[in-house]
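Structural characterization, general
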Amino acid sequence: MARATADGYTLLMTAGAFVIAPSVLANAGYDPARDFTGVSQVAIVPLIVLTRSEGPLNTFADLIALAKKDGEKVSFASFGNATPSHLVGTAIQLRGGIKMTHVPYKGGMQAMPDILSGVVTVGILDAVSMTPFVKQGRLKALAVTGPKRLPALANTPTLVESGISFDAVGWHGVFAPAAVPPVIVRRLNEAFNKAAARPEVRERIVNGGSTPIEPPYTAEEWTKQYRREIGQWAELVRAGGIKVE
């Protein structure tokens, strides 16, 4: 993609790992800021910190207190090494002044049995697919990522409200090679935003475990946002000593 013809006919749709990979791989083969420009952010993937309903934790403050007392006996499940959920756990540790043990899984649902049984203390997983388990009373939500609370879990505070100064979320977005003319990028942005507003597309976004963007970003806004996140995630990778072999 980085070397594709810059005519607007070859685009990349990908997820948040796109801006994380260059920080954790010895040679990712591309620079997301230098080689690409943003076209449209299609959806976000809010994450949620949760625990089993029968467990002793009722608030995010309870988790911090337990980790300060028991240290690395407290564990958190993520949906993979160097994924956004892993890095959110790293942010919680660094900015909360605690240590926890990271337990990576191949996906959120694979972590569910160990969360429900108490094998791991908490999970940091995608909010959309986990919300039904919270509403059923099988899991307790302690905090959500992002700049604002989720309408479906209005009583669950954000990480920022809980004292952790971190508001990044996972996402799905569209990119073009950096040399694509701005006028073409803007036309593509308008087309993607129009498509993403269609009811059937919004339904597929939600059913896929994500949240539509409201209001949609312009191409310039999206480019500024994802390039800011490159440094934000890289800082966590360095501070947490995270690597992918």
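Here, the structure is the one placed above.
First, a word on scope: everything that follows refers to the structure included in this document. Keep in mind the model is a prediction, meaning the values are calculated, not measured.

1. Let's talk about the overall build of the protein chain
From N to C terminus, the protein chain includes 9 helices and 9 strands. For a compact globule of 245 residues, the expected C-alpha radius of gyration is about 18 Å, and the protein chain comes in at 18 Å, within 12% of that figure. A total of 245 residues make up the protein chain; the buried ones form 48% of that total. Contacts in the protein chain between residues far apart in sequence, at least 24 positions, make up 76% of those at least 6 positions apart. When the accessible surface of the protein chain is summed, it comes to about 12,000 Å², and 54% of that surface belongs to carbon and sulfur atoms. Positive and negative side-chain charges of the protein chain, numbering 25 and 20 respectively, have mean locations separated by a distance of 1 Å.

2. Things to note about the packing of helix α1 (residues 17-24) against helix α9 (residues 219-240)
For the pair α1 and α9, interaxial distance at closest approach is 9 Å and the crossing angle is 40°. One element, α1, and the other, α9, form an angle in the oblique class. Between α1 and α9 the crossing geometry is right-handed. For the pair formed by α1 and α9, the contact residues are Phe18, Val19, Ile20, Ser23 and Val24 on the first element and Tyr226, Glu229, Ile230, Trp233, Ala234 and Val237 on the second. Of the residues contributing to the contact of α1 with α9, the split by class is 9 nonpolar, 1 polar and 1 charged.

3. Overview of the sheet that holds strand β5 (residues 101-104)
In space, the 5 strands of this open sheet follow the order β5-β4-β6-β3-β7, with mixed pairing throughout. A single partner strand is all that each edge strand has here, and the edge strands are β5 and β7 (139-144). Put simply, the sheet's adjacent strands are angled 30° from each other on average, direction ignored. Across 4 bridges, the pairing between strand β3 (residues 47-52) and strand β6 (residues 122-126) is antiparallel. Residue pairing for β6: Val49 is matched across the bridge by Ile124. Taken strand by strand, helix α4 (residues 84-96) contacts β3, β4 (75-78), β5 and β6, and its axis lies near 155° from that of β4.

4. Some words on the environment of Tyr9
When you line up the elements, Tyr9 lands in the segment before β1 (12-15). Using a relative accessible area of 73% as the deciding quantity, one classes Tyr9 as exposed. C-alpha of Tyr9 to C-alpha of Tyr217: the two residues are 208 residues apart in sequence and 21 Å apart in space.

5. Looking at the side chain of Asn189
Inspection of the secondary structure puts Asn189 in helix α7 (residues 182-196). In terms of polar contacts, Asn189 uses its side chain to reach the backbone carbonyl oxygen of Val39, at 2.7 Å. Asn189 has contacts with Val39, Ser40, Tyr217, Thr218 and Ala219, leaving out every residue within four places of it along the chain.

6. Focus: the sheet that holds strand β8 (residues 170-177)
The sheet built from 4 strands is open, its strands ordered β1-β8-β2-β9 with antiparallel pairing. With one partner strand each, in any of the chains shown, β1 and β9 (211-212) form the two edges of the open sheet. Sheet topology note: the β1/β8 ladder contains 4 bridges and is antiparallel. By the bridge assignment, Leu12 is partnered in β8 with Phe175. Packed onto the sheet, α9 meets β2 (36-45) and β8 and runs at close to 80° relative to β2.

Reading the values: the criteria
Residues numbered from 1 in each chain as written. Predicted model: local features only at pLDDT ≥ 70, side-chain atom pairs only at ≥ 80, totals over all residues. Heavy atoms only, no water. Helix = DSSP H or I, 4+ residues; strand = E, 2+ residues; numbered from the N terminus. Rg over C-alpha atoms; globule rule 2.2 N^0.38 Å. Buried < 20%, exposed > 50% of the residue type's maximum accessible area, 1.4 Å probe, protein only. Contact = heavy atoms within 4.5 Å. Areas by Shrake-Rupley, 256 points an atom, 1.4 Å probe, with all protein chains shown as cover. Lys, Arg positive; Asp, Glu negative; His and termini not counted. Charge placed at Lys NZ, Arg CZ, Asp CG, Glu CD. Axes fitted to C-alpha atoms, helices over the stretch in contact; angles between N-to-C directions. Parallel < 35°, antiparallel > 145°, perpendicular 65-115°, else oblique. Left-handed = near helix turned anticlockwise from the far one by under 90°. Nonpolar A, V, L, I, M, F, W, Y, C, P; charged D, E, K, R; others polar. Pairing = 2+ DSSP bridges. Polar contact = N/O pair within 3.5 Å; in protein donor to acceptor, adjacent residues only side chain to side chain.

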